[in-house]
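Listed below, chain by chain, are the residues.
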Amino acid sequence: MEQPMRRMLLALSRELHTPLFVVATWPKSEILSQIAYNLTQNEDWRKEYERKQVIKLSAKERAELAKEMMGQESG
């Protein structure tokens, strides 16, 4: 098992309070799904992800998004 995978399994085991030997038996798809879910629960990570998504938008799409957000704040 490669080093990054071991680190991910160890971190996941700690976060879920589940023994490492149990987490290690999960299919890789389940491990990746759980890691992805845990990241979405992290407020800092989620803000950074949303910021990167906005940067990818065209100027017109960003302007429309800003209008929508302004409408939500005043409404």
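Note that the coordinates shown come from a computational prediction; the quantities given were computed from them, not determined experimentally. (Residues numbered from 1 in each chain as written. Predicted model: local features only at pLDDT ≥ 70, side-chain atom pairs only at ≥ 80, totals over all residues. Heavy atoms only, no water.)

Novice: Help me understand the nonpolar core in this model?
Specialist: Side chains of nonpolar character tend, in soluble globular proteins, to be buried together. By size, the foremost hydrophobic cluster in this structure holds 5 residues: M5, L9, L12, V23 and I31. The greatest single-element share of this core, amounting to 3 residues, is contributed by helix 1 (residues 3-16). With residues up to four places along the chain from it excluded, the contact list for M5 reads K28 and I31. (Core = buried A, V, L, I, M, F, W, Y, C linked by side-chain atoms within 4.5 Å. Buried < 20%, exposed > 50% of the residue type's maximum accessible area, 1.4 Å probe, protein only. Helix = DSSP H or I, 4+ residues; strand = E, 2+ residues; numbered from the N terminus. Contact = heavy atoms within 4.5 Å.)

Novice: Sorry if this is basic, but what is going on with the packing of aromatic side chains here?
Specialist: Centre-to-centre distance and the angle between the planes together describe a pair of aromatic rings. Throughout the structure, instances matching the rule amount to 1 aromatic pair. Look at W45 and Y49: their rings are 5.2 Å apart centre to centre, the planes differ by 10 degrees, and that puts the pair in the stacked class. Highlighted residues: W45 and Y49, both in helix 4 (residues 43-56), separated by 4 residues, approximately one helical turn. (Phe/Tyr/Trp six-rings, centres within 6.5 Å; stacked < 30°, edge-to-face > 60°.)

Novice: Quick question: what am I supposed to make of helix 4 here?
Specialist: Count 3.6 residues to each turn of an α-helix, and residues three or four apart come out pointing the same way. Here helix 4 spans 20 Å end to end across 14 residues, near enough to the 20 Å set by a 1.5 Å rise per residue. Capping the start of helix 4, N42 holds a side-chain oxygen 3.0 Å from the backbone nitrogen of D44, two or three residues further along. (Expected span 1.5 Å × (residues − 1). Polar contact = N/O pair within 3.5 Å; in protein donor to acceptor, adjacent residues only side chain to side chain.)

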